[in-house]
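# Examination of the molecular architecture
Residue strings, one per chain:
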Amino acid sequence: MLDEAKDESAEPGAPTARGAMLDVAIIGAGLSGVCAGAHLAQSRPQDEFLIFEAREAIGGTWDLFRYPGIRSDSDMFTLGFSFRPWTDGKAIADGPSILNYVRETAEAYGLDKRMRFGRKAVSAAWSSEEACWTLRFETAEGVETARARFLMLCTGYYDYDGGYTPEFAGSDTFQGQIVHPQKWPEGLDLKDKKVVIIGSGATAVTLAPAIAQEGAQVAMVQRTPTYVMDRPAEDRFVNFVRRVLPKKAAYGAARVKNIAESMLTFQLAKLRPRMVRNAVIKNAKEHLGEEAGVETHFSPPYDPWDQRFCIAPDGDFFKAMAAGDVTLVTGAIERFTPKGLRIASGERAGEEIEADIIVTATGLVMKLAGGMTLSVDGREHPVGDTISYRGAMFSGAPNLAATFGYTNASWTLKCELIVRWVIRLLNHMEAKGLAVVTPTPPSDLKSRDLVNLSSGYIARAKGVLPQQGDRGPWRVRQNYLRDLIGFRLSKVEAEGLRFSGARPSSTGAADQTEATPGAALTDARS
């Protein structure tokens, strides 16, 4: 609760006096921040919290990216919130639909009144003496500060200010336009234009057929092959259960089915990589035929799920290739030329590919905590120097949690587990009269990389991401079922967490230690 008396006329969560204290500060108003806010609003209504957002809108990723065809690469029955059913017919949804879903959820749970926009968090300083974080924000009017007993980072994992673009020789000589998907120009005319897309990830595979539909002739240039698998945009099972079950039951059945499918697919890829590789190649040949160079373009030098899979809803990427609207080129780029770019290797080595527009779908720049500087009692505490606790907290950082989703399943699944666990933690501390919790690793813990992927954006993030441990709660598992059991059933006072201090007295704080986290959270529309 606030240290000072509340002003009943103030907006929810609005500090009413200089030095007022928030119970929880949430950084980020995207999927993760809305998820955290909705659970807090329902499970801990006594808490004062605010959601701070650097940009001027709700939605995070889904408000930032505006390139043609932007969509989810996870099904919406698991990317959506467990407490708010996704009712659209498409399981693989377009960006504007997801953005509306996030905004409507925020409004339904009153979070829009708790959001403070245009506040870029630049630093968070923990004081053990005061048992709180002091946050600094850059705003259009200058620097603002806020204080909070607990800090939740819901900032995603990449730099919102710009994506990654390698240095290409001769790029300054190209006479056309160079565009990165993260900074897509509004109203870019693509009709009858020659467009070269550099990249082979989800963004490139999404962009290519979408640009082709706008009348462009597209060449997609990838340095190495990639795994692309088609998937129905609509889920027949879900459409069936929606006709025979109540809304919530149908949504629950869809989530269970899709979670199980994604887990089984991932495990199969790890246990039988050759079989999965052959299935992907076979699928591509069914769409494109035996003579389309499938072995060249869709057989990467790494095993399935060493990097993320690319999904083609209803086979749109393959259909665009089969129609001749998209050409796939596999080979390294030698240099840009005034009229396009020249290929250095592969079947088209030495060839110049002409372009009016070059799209550099070359990846993201990873940035945790939104680039904030963290310090503890006056000493800088870089996230890259910490060890992750349950994938939810950082060693040595008191009263701080961060939402970081799965790499092999929907991001939101892990976020909800973390948020519900944090609520368990807050309930426990309140019931026991504790003020501070700090993840503290044992001295013999061995560290290893946090994410087991060979993707370029992961490799470039060495020193940015925290490490994980070699055992117990310090391991970050890419397994929803194991996490579900661990987050829900493990004792809060487990190995690795050090509790200290006495919580300031507050009113209306019910003892909810034994309550099921988030049990009160229901669909606000019903």
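See above for the structure.
Since the model is a prediction, treat every value here as computed from it, not as a measurement.

### Side note on the sheet that holds strand β15 (residues 352–354)
Here three strands make up an open sheet; going across it, the order is β13-β14-β15 and the pairing antiparallel. Edge positions in the open sheet fall to β13 (333–337) and β15, since each of these has one partner strand only. Within the sheet, the average angular offset between the axes of one strand and its neighbour, ignoring direction, is 25 degrees. Looking at chain direction, β13 and strand β14 (residues 340–343) are connected through four bridges and run antiparallel. Bridge pairing links Arg 335 to Arg 342 in β14.

### Describing empty space enclosed by the protein
For the structure on display, the rule yields three cavities of 30 Å³ or more. Its boundaries defined by the atoms lining it, the largest cavity holds a volume of some 150 Å³. What lines the largest cavity is a set of 16 residues, among which Leu 368, Phe 394, Ala 402, Thr 403 and Phe 404 lie closest to the centre. Here the residues of the lining of the largest cavity are counted per class, giving eleven nonpolar, five polar and no charged.

### Concerning the environment of Asp 75
Here Asp 75 shows up in the loop between α2 (61–64) and α3 (76–79). In this structure, the C-alpha to C-alpha distance between Asp 75 and Gly 199, residues 124 residues apart in sequence, is 23 Å. Those residues in contact with Asp 75 that sit more than four places away from it in its chain are Ala 91, Ile 92, Arg 231, Asn 258 and Ser 410. At a separation of 3.1 Å, a polar atom in the side chain of Asp 75 contacts the main-chain amide nitrogen of Phe 77.

### Looking at helix α5 (residues 202–213)
With twelve residues, α5 extends 18 Å from end C-alpha to end C-alpha; this agrees with the ideal 16 Å at 1.5 Å per step. Buried residues dominate α5, accounting for nine of its twelve residues. What α5 keeps buried is the set Ala 204, Val 205, Thr 206, Leu 207, Ala 208, Pro 209, Ala 210, Ile 211 and Ala 212. At the C-terminal side of α5, Gly 215 shows a positive phi close to 95 degrees.

### Details of the pairing of strand β5 (residues 132–139)
Pairing geometry for strand β4 (residues 120–127) and β5, over seven bridges, is antiparallel. Bridging across to β5, Ser 123 finds its partner in Arg 136. As consecutive antiparallel partners, β5 and strand β6 (residues 142–153) are separated by two residues.

### Details of the layout of surface pockets
Of the pockets and cavities examined, the second largest pocket occupies roughly 730 Å³. Taken together, 32 residues line the second largest pocket, and the ones lying closest to its centre are Arg 231, Glu 261, Ser 262, Thr 265 and Ile 311. Elements with a minimum of two residues in the lining of the second largest pocket: β10 (228–231), α7 (247–271) and α8 (273–288). Per-element accounting of the lining of the second largest pocket gives the leading share, eight residues, to α7. Classifying every residue of the lining of the second largest pocket by side-chain character gives 15 nonpolar, seven polar and ten charged.

Reading the values: the criteria
Note that residues are indexed from 1 along each chain, following the sequence as it is written. At least 70 in pLDDT is required for a residue's local features to be given in this predicted model, at least 80 for side-chain atom pairs to be given and counted, and no such filter applies to totals for whole chains, interfaces and linings, which use all residues. Calculated side-chain values reflect all of the structure's heavy atoms, with hydrogen atoms and water omitted. Strands pair, by our definition, only if DSSP identifies at least two bridges between them. The helix and strand labels rest on DSSP assignments: H or I over at least four residues marks a helix, E over at least two residues marks a strand, and numbering proceeds from the N terminus. The axes are straight lines fitted to the C-alpha atoms, using for helices just the contacting stretch, and the angles between their N-to-C directions are given from 0 to 180°. Of the two site types, the cavity is a set of points on a 1 Å grid over the protein atoms alone where a 1.4 Å probe fits but cannot get out, and the pocket is an open set with protein on both sides within 12 Å along at least five of seven lines, each lined by residues with an atom within 4 Å of a point. Grid points are joined across faces, edges and corners, and a volume is the space filled by probe spheres set on the points. Residues were grouped as follows: Ala, Val, Leu, Ile, Met, Phe, Trp, Tyr, Cys and Pro as nonpolar; Asp, Glu, Lys and Arg as charged; and all remaining residues, including Gly, as polar. Contacts are residue-level and defined by heavy atoms, with any inter-residue pair within 4.5 Å sufficient. Throughout this description, a polar contact denotes any pair of N or O atoms lying within 3.5 Å of each other; where both atoms belong to protein, one of them has to be capable of donating a hydrogen while the other can accept it, and for residues adjacent in sequence the pair is counted only when both atoms sit in side chains. To estimate how far a helix should extend, the number of its residues minus one is multiplied by 1.5 Å. Buried, partly exposed and exposed residues are distinguished by accessible area as a fraction of the type maximum, computed with a 1.4 Å probe on protein chains only: under 20%, between the cut-offs, and over 50%, respectively.

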